[in-house]
Amino acid sequence: LNAGVGDTQAAVRQHFAHAQRLQPACITLDDADELFAGTGCSHSTADLLTELAYAIDQHCSQGLLFVATCLSPERLPGSLAC
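This section reports on the structure supplied with the text. Note that the structure is a prediction, hence the values are computed from the model and not measured.

**So, the overall build of the chain**
Reasoning step 1: In terms of regular secondary structure, the chain is built from three helices and two strands.
Reasoning step 2: Ordered by position in the sequence, the α and β elements of the chain form the string α-β-α-α-β.
Reasoning step 3: Classification of the 82 residues of the chain by burial places 30% in the buried group.
Reasoning step 4: Across the chain, contacts joining residues at least 24 apart in sequence account for 73% of those joining residues at least 6 apart.
Reasoning step 5: Total accessible area on the chain is roughly 5300 Å²; 55% of this is exposed by carbon and sulfur atoms.

Shown next, in the form of structure tokens:
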């Protein structure tokens, strides 16, 4: 997570926009369960989850794949679980 207000959300948008230009591409999020384990406790993590869910919905296609790895899928927020 970036330090400045809105920096993390901007970074997510930039990564997805860059990947969209480079299609075919794959964006990976390693250890997603660790990042989102305390979603209810952190406003910045909740903002990241909102931005990430929006970016996945808007950008993922046959040419742009999003992959999240985790050891404990039950710890993922519902918006990332499949």
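There is more to say, and it comes next.
**What about the state of the cysteines?**
Reasoning step 1: All chains considered together, the criterion is met by zero disulfides.
Reasoning step 2: The thiol of Cys26 is not disulfide-bonded; the next cysteine sulfur, from Cys60, is found 9.0 Å away.
Reasoning step 3: On the basis of relative accessible area, Cys60 is assigned to the partly exposed category, the value being 29%.

**Quick look at the environment of Asp7**
Reasoning step 1: Here Asp7 is to be found in helix α1 (residues 7–21).
Reasoning step 2: For Asp7, a relative accessible area of 37% translates into the label partly exposed.
Reasoning step 3: Residues Asp7 and Ser44 lie 37 residues apart in sequence; the distance between their C-alpha atoms is 9.9 Å.

**Thoughts on the pattern of salt bridges**
Reasoning step 1: A full pass over the atoms with the stated rule returns two salt bridges.
Reasoning step 2: Measuring nitrogen to oxygen at the nearest pair gives 3.1 Å for the salt bridge that ties Arg13 to Glu51. Note that Arg13 is positioned in helix α1 and Glu51 in helix α3 (residues 43–59), a separation of 38 residues in sequence.
Reasoning step 3: For Glu51, a relative accessible area of 14% corresponds to the buried category.
Reasoning step 4: With a shortest N-O distance of 3.3 Å, Arg75 and Glu34 are connected by a salt bridge. Of this pair, Arg75 sits in the segment after β2 (64–68) while Glu34 is found in helix α2 (residues 32–35), placing the two residues 41 residues apart along the sequence.

Rules and cut-offs
Residues numbered from 1 in each chain as written. Predicted model: local features only at pLDDT ≥ 70, side-chain atom pairs only at ≥ 80, totals over all residues. Heavy atoms only, no water. Helix = DSSP H or I, 4+ residues; strand = E, 2+ residues; numbered from the N terminus. Buried < 20%, exposed > 50% of the residue type's maximum accessible area, 1.4 Å probe, protein only. Contact = heavy atoms within 4.5 Å. Areas by Shrake-Rupley, 256 points an atom, 1.4 Å probe, with all protein chains shown as cover. Disulfide = S-S within 2.5 Å. Salt bridge = Lys/Arg side-chain N within 4 Å of Asp/Glu carboxyl O.

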